[in-house]
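# Summary of the model geometry
One letter stands for each residue in the lines below.
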There are 2 protein chains.
Amino acid sequence: MRGAVLHGPGDVRVEERRDPEIVEPTDAIIRLTATCICGSDLWSYRGLEETAEAAPMGHEYVGVVEEVGPEVTRVRPGQFVVGSFWASDNTCEICRAGYQSGCVNRVLMGSIGTQAQLARIPHADGTLVATPGTPDPDIVPSLLAASDVLGTGWFGAVAAAVEPGKTVVVVGDGAVGLCAVLAAGRLGAERIVAMTRHAPRQELARAFGATDIVAERGDEGVARIMELTNGLGAHSAIEAVGTQESMLQAIRSTRPGGHVGFIGYAHDVALPGDELFFSLVHLHGGPAPVRQYLPHLIDLIWNREIDPGRVFDMTLPLDEAAEGYRAMNERRAVKVLLTP
Amino acid sequence: MRGAVLHGPGDVRVEERRDPEIVEPTDAIIRLTATCICGSDLWSYRGLEETAEAAPMGHEYVGVVEEVGPEVTRVRPGQFVVGSFWASDNTCEICRAGYQSGCVNRVLMGSIGTQAQLARIPHADGTLVATPGTPDPDIVPSLLAASDVLGTGWFGAVAAAVEPGKTVVVVGDGAVGLCAVLAAGRLGAERIVAMTRHAPRQELARAFGATDIVAERGDEGVARIMELTNGLGAHSAIEAVGTQESMLQAIRSTRPGGHVGFIGYAHDVALPGDELFFSLVHLHGGPAPVRQYLPHLIDLIWNREIDPGRVFDMTLPLDEAAEGYRAMNERRAVKVLLTP
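Residues numbered from 1 in each chain as written. Chains lettered and ligands numbered in written order. Predicted model: local features only at pLDDT ≥ 70, side-chain atom pairs only at ≥ 80, totals over all residues. Heavy atoms only, no water.

This part is about the confidence of the model for chain A. Within chain A, residue pLDDT values average 97, and 100% of them lie at 70 or more. In the model output, the complex is listed with pTM 0.96 alongside ipTM 0.96. (pLDDT = per-residue confidence, 0-100.)

Below is the structure:
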């Protein structure tokens, strides 16, 4: 099969890889209908994160089940399925508490690499959620978004305790941040402030439900949020970048007793304990338990109530993945869909 | 009046101070029945925190109202009252949300100094809670504990989402940590693990409801918690120290999706973002909104359902405050009560 492999900083190649096989009796093999490039893939692409010498890339996927192991009972060949970037058994105590991304048997799909024609899915019964039937092609991008960016944005909004009547700030205008705007709207936020200075992203944020746009960053951005919230700060902030500046911007934009949901994969962040102490905010985040939200998100997409697939503003054949990485790295594209 | 003043590291003197007067129309003056020394007073006593040249000390207090300003309507002279270490109006949006320690008009009682015979209480209507009558002398220490250490421990347990069926770890065996054990028990925790290696504190922790004692610290302490929780970690951890080691010990002792309540005043703490991200814990804490809990805590004490006053293991006349500071600094005493 064809699959994307990172050979070093900036060097992604789509090459021949061995077809995956059932390894564990709980595995499934899927044939990918669509896959994509994640903002978090750029960390290793930029050489900011250590990776294997030749690392298979990708962790987002939708596709059709080809084969299942002998212990798989809930998933059948021919089904169209969506899964998360963590494979999880969905039966352990942590999964049952809704934290499938902390599953005691979890497997990181990025270690398998789903920017490929086929992929092995561990814990298939726990990981995969089948759609009601074969989806119309126009909703495939949205189902693919559910696999990570929408599920992650949704978790950010849940972690930030978004609910009706609240003012919510979203720091970060990548696909996850934009999906967090969408999630905050669906969860009933009264006011959604998207912090972005890029016109096309501002437009998409508004389409997803943002009521206010703040172009300023850092201290100036925080000052603008204070102006908008009677000097108190927002009830909730969703942090979708993962830098020291964005974390502090989110915390400082939130009122005492408010909630910060952080879903940007934190790099070189050291939170000052005294500031966190006196902020009196709730802080929760991490790798999203997307699996928890998948059935609900698939429903919303299937019924055409939400259209998160709009975050894909470039589509390329899998073989041109390298161009997709370049486009996202240079911020020419928000998110790139790859067709295997 | 007599009052304790810090003149420099290790130099606390009880000396003549000017009697307080009504400054704002919302003030009250109280005559203290009892006051005490806080673990957090030791930060400045040890010279680890910058203070004014001659800083009045103390922020915990119970006493009898002597005089009220013209705008005070809920509190009357002669009433026995308990207040928190933050004076708060209890009417602003932040107070009404239960975060009186983040009140937009808050005043830190430590800046006024309650290790004294008299004290001015700002926002008296919002800050003070009257007891049903004059308390029997034997419950005065418990009412004094409600003013800070019990209210803070209670907030820690609430912030750690303690509820029936949960396993709770308490890091820190000072008065606040011990009160957090008591609070966790009252909130229904199934199992309460107190981390302490001091026999008298272990004994008090057990009396307050601890079901398990772990004497190990740091990585070894975390390993013991994992053994006790089937390798998953506790549902909740309450951090009541405020150091980097204790914060990490609490976070590492908690399972994905669990809750860490931190109430130790954080000094020189920098939380690594990536570890926090992958821990998947909820983190909440800060200066406790004690005022929120005071009515309930006073009820429990008045009805002799709890006895948090047991954290006081030394009582001295106010004039001997210096000896009280020395005893706590050398860990000869858990907490020192001063009688003005």
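After that view of the structure, there is still more to cover.
Listed by partner, the interface residues are 34 residues for chain B and 34 residues for chain A. Both faces considered, chain B and chain A share a buried interface measuring about 3000 Å² in area, 72% of it formed by carbon and sulfur atoms. Of all residues in chain B, the largest losses of buried area upon contact with chain A belong to Phe277(B), Phe278(B) and Leu280(B), amounting jointly to 22% of the total for that side. Connecting chain B to chain A are 2 salt bridges. Between Glu93(B) and Arg255(A) there is a salt bridge, and its shortest N-O distance comes to 2.8 Å. The tally of links between chain B and chain A comes to 10 residue pairs in polar contact (both at pLDDT 80 or more). Those elements giving two or more residues to the side of chain B that touches chain A turn out to be helix 2 (93-96), strand 15 (254-262), strand 16 (270-272), helix 10 (273-279) and strand 17 (282-285) of chain B. The greatest single-element share of the side of chain B that touches chain A, amounting to 5 residues, is contributed by helix 10 of chain B. Across the side of chain B that touches chain A, the residue classes tally to 21 nonpolar, 10 polar and 3 charged. Across 3 bridges, strand 16 (residues 270-272) of chain A lies against strand 16 of chain B in antiparallel orientation. Looking at strand 16 of chain B, one finds that Ala270(A) is bridged to Pro272(B). (Contact = heavy atoms within 4.5 Å. Buried area = accessible area lost by both parts, 1.4 Å probe. Salt bridge = Lys/Arg side-chain N within 4 Å of Asp/Glu carboxyl O. Polar contact = N/O pair within 3.5 Å; in protein donor to acceptor, adjacent residues only side chain to side chain. Helix = DSSP H or I, 4+ residues; strand = E, 2+ residues; numbered from the N terminus. Nonpolar A, V, L, I, M, F, W, Y, C, P; charged D, E, K, R; others polar. Pairing = 2+ DSSP bridges.)

The operation relating chain B to chain A is a screw motion whose rotation component is 180°, with 0.0 Å of axial translation and a residual RMSD of 0.0 Å. On the angle and the small slide along the axis, the relation comes out as a two-fold axis. Both copies share a contact surface, since 100% of the interface residues of chain B are interface residues in chain A too. (Least-squares fit on C-alpha atoms with pLDDT ≥ 70 in both.)

Side chains of strand 17 of chain B alternate between two faces, with His282(B) and His284(B) and Leu283(B) and Gly285(B) buried alike. Of the strand pairs in this sheet, strand 17 (residues 282-285) of chain A and strand 17 of chain B are connected by 3 bridges, and their pairing is antiparallel. Within strand 17 of chain B, the residue paired with Leu283(A) across the bridge is Leu283(B). Of the strand pairs in this sheet, strand 15 of chain B and strand 17 of chain B are connected by 4 bridges, and their pairing is parallel. Within strand 17 of chain B, the position partnered with Gly261(B) by the bridge is His284(B). (Buried < 20%, exposed > 50% of the residue type's maximum accessible area, 1.4 Å probe, protein only.)

Another aspect to go through is the packing of helix 5 (residues 149-159) of chain A against helix 11 (residues 290-302) of chain A. Helix-helix packing is described using two parameters, namely the angle between the two axes and the distance between the axes. Residues and elements named next belong to chain A. Look at helix 5 against helix 11: their axes get within 9 Å of each other, and the N-to-C directions meet at 110°. Taken together, the axes of helix 5 and helix 11 are roughly perpendicular relative to one another. Every residue of helix 11 that contacts helix 5 at Leu150, Gly151, Thr152, Trp154, Phe155 and Val158 is listed here: Val290, Tyr293, His296, Leu297, Leu300 and Ile301. Of the residues contributing to the contact of helix 5 with helix 11, the split by class is 9 nonpolar, 3 polar and no charged. (Axes fitted to C-alpha atoms, helices over the stretch in contact; angles between N-to-C directions. Parallel < 35°, antiparallel > 145°, perpendicular 65-115°, else oblique.)

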